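Residues per chain are reported as follows:
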Amino acid sequence: MADSLFRQLLENIDWSKDKVKLFGKIYITEREVAWYADDDLSYTYSGEKKVPKAWSAELLNLKHTIEEATGETFNACLLNLYHSGNEGMGWHSDDEPELGYEPVIASLSLGAKRKFAFKHKHDQLKYSLELEHGSLLLMKGRTQHDWKHALPKSKKVGLPRINLTFRKILVLKAPFKKSQS
Ligand SMILES: O=C(O)CCC(=O)C(=O)O
Ligand SMILES: [Mn+2]
């Protein structure tokens, strides 16, 4: 299943390079991304507002499989394509307000095996694991509060990898106003 998913996603996803804002400057990444979600949801990260595409049947099926496996529900998916170990992702937490107080993120890895690293925000703790082809990592609870994570670059990896992070965006509404009656 992982083999055929990797091939299908590589071919069928509408990939494009990402724009990342760092210290006020915009960089275009080699890594390619795609952002899919329920209609009417938008999401801002690295100072850029992302407008999602509508779910394909293939991605919606996959979302249901991941929901069954985790017992969680999701309404958005960010896909990343790393062409080789020369591409990675720097230290960050997925803690944007749209993701709510304790974000639940299911991360599916396909293709090249890559190291995934965590470092604690307030002490010296570090942790890392290998994300293998077909593996699912569930981040929840205080993970985004207390830890940063990264996908370090690696000269040893020559093959591509696709990562899908299924997320739940909470629609933020204006504060409730008490009626004057
Ligand atoms: O590629 C990965 O495994 C992680 C990607 C990630 O951290 C993200 O999309 O926020
Ligand atoms: Mn992340």
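It should be noted that the structure appears before, not after, this text.
Description of the structure in this document. (Residues numbered from 1 in each chain as written. Chains lettered and ligands numbered in written order. Predicted model: local features only at pLDDT ≥ 70, side-chain atom pairs only at ≥ 80, totals over all residues. Heavy atoms only, no water.)

**Some remarks on the coordination of the manganese ion (ligand 2)**
Heads up, the rule is: Donor atoms (N, O, S) are those found within 2.8 Å of the metal centre, with the cutoff raised to 3.2 Å for Na, K and Ca; water is not part of the atom list, so apparent gaps in a site can occur. In this scheme, a residue with accessible area under 20% of its type's maximum is buried, one over 50% is exposed, and one in between is partly exposed, where area comes from a 1.4 Å probe on protein chains only.
Coordination of the manganese ion (ligand 2) by the protein comes from His-92 (NE2), Asp-94 (OD) and His-149 (NE2), over a distance range of 2.1 to 2.2 Å. Mapping the donors of the manganese ion (ligand 2) onto the primary sequence yields the spacing H-x1-D-x54-H. The residues His-92 and Asp-94 share a single accessibility class, namely buried.

**Focus: the sheet that holds strand β9 (residues 126–131)**
The condition that has to hold: Think of it this way: DSSP has to see at least two bridges between two strands before they count as a pair. Elements are defined by DSSP. Helices are runs of H or I of four residues or more, strands are runs of E of two residues or more, and each kind is numbered from the N terminus. Angles run from 0 to 180 degrees between N-to-C directions of axes, and those axes are lines fitted to C-alpha atoms, restricted for helices to the stretch in contact.
If you walk across this open sheet you meet the 4 strands as β6-β11-β8-β9, and the pairing is antiparallel. Whereas interior strands pair on both sides, the edge strands pair on one side only; in this sheet they are β6 (89–92) and β9. Pairwise comparison of adjacent strand axes, ignoring direction, gives a mean angle of 15 degrees for this sheet. Strand direction decides the pairing type here: strand β8 (residues 114–120) and strand β11 (residues 147–151), joined by 4 bridges, are antiparallel. Its bridge partner lying in β11, Lys-119 is registered against Lys-148.

**Notes on the sheet that holds strand β12 (residues 161–167)**
Strand order in the open sheet made by the 6 strands is β1-β2-β5-β12-β7-β10, with antiparallel pairing throughout. The open sheet has two free edges, formed respectively by β1 (16–22) and β10 (135–139), since each of these has just one partner strand. Averaged over all adjacent pairs, the angle separating strand axes in this sheet is 30 degrees, with direction ignored. The sheet contact formed by strand β2 (residues 25–37) and strand β5 (residues 76–82) spans 6 bridges and is antiparallel. Bridging across to β5, Ala-34 finds its partner in Leu-79.

**As for the packing of aromatic side chains**
What counts is decided by this rule: Two rings from Phe, Tyr or Trp (for Trp, the six-membered ring) form a pair when their centres are within 6.5 Å of each other. A pair whose planes differ by under 30 degrees is stacked, one over 60 is edge-to-face, and the rest are tilted. A ring is scored as having a charge over it whenever the NZ atom of a lysine or the CZ atom of an arginine sits within 6 Å of its centre and within 35 degrees of its normal.
Under the defined criterion, the tally for this structure stands at 4 aromatic pairs. For the ring pair Phe-118 and Trp-147, a centre distance of 6.3 Å and an interplane angle of 85 degrees mean the geometry is edge-to-face. Of this pair, Phe-118 sits in strand β8 while Trp-147 sits in strand β11; the two residues are 29 residues apart in sequence, bridging distant segments of the chain. Put simply, the rings of Phe-116, Phe-118, Tyr-127 and Trp-147 pair up and form one aromatic cluster. Over the aromatic face of Trp-55 sits the side chain of Lys-63, whose NZ or CZ is 5.8 Å from the ring centroid. Cation over ring: Arg-114 sits above Tyr-82, and NZ or CZ is 5.6 Å from the ring centre.

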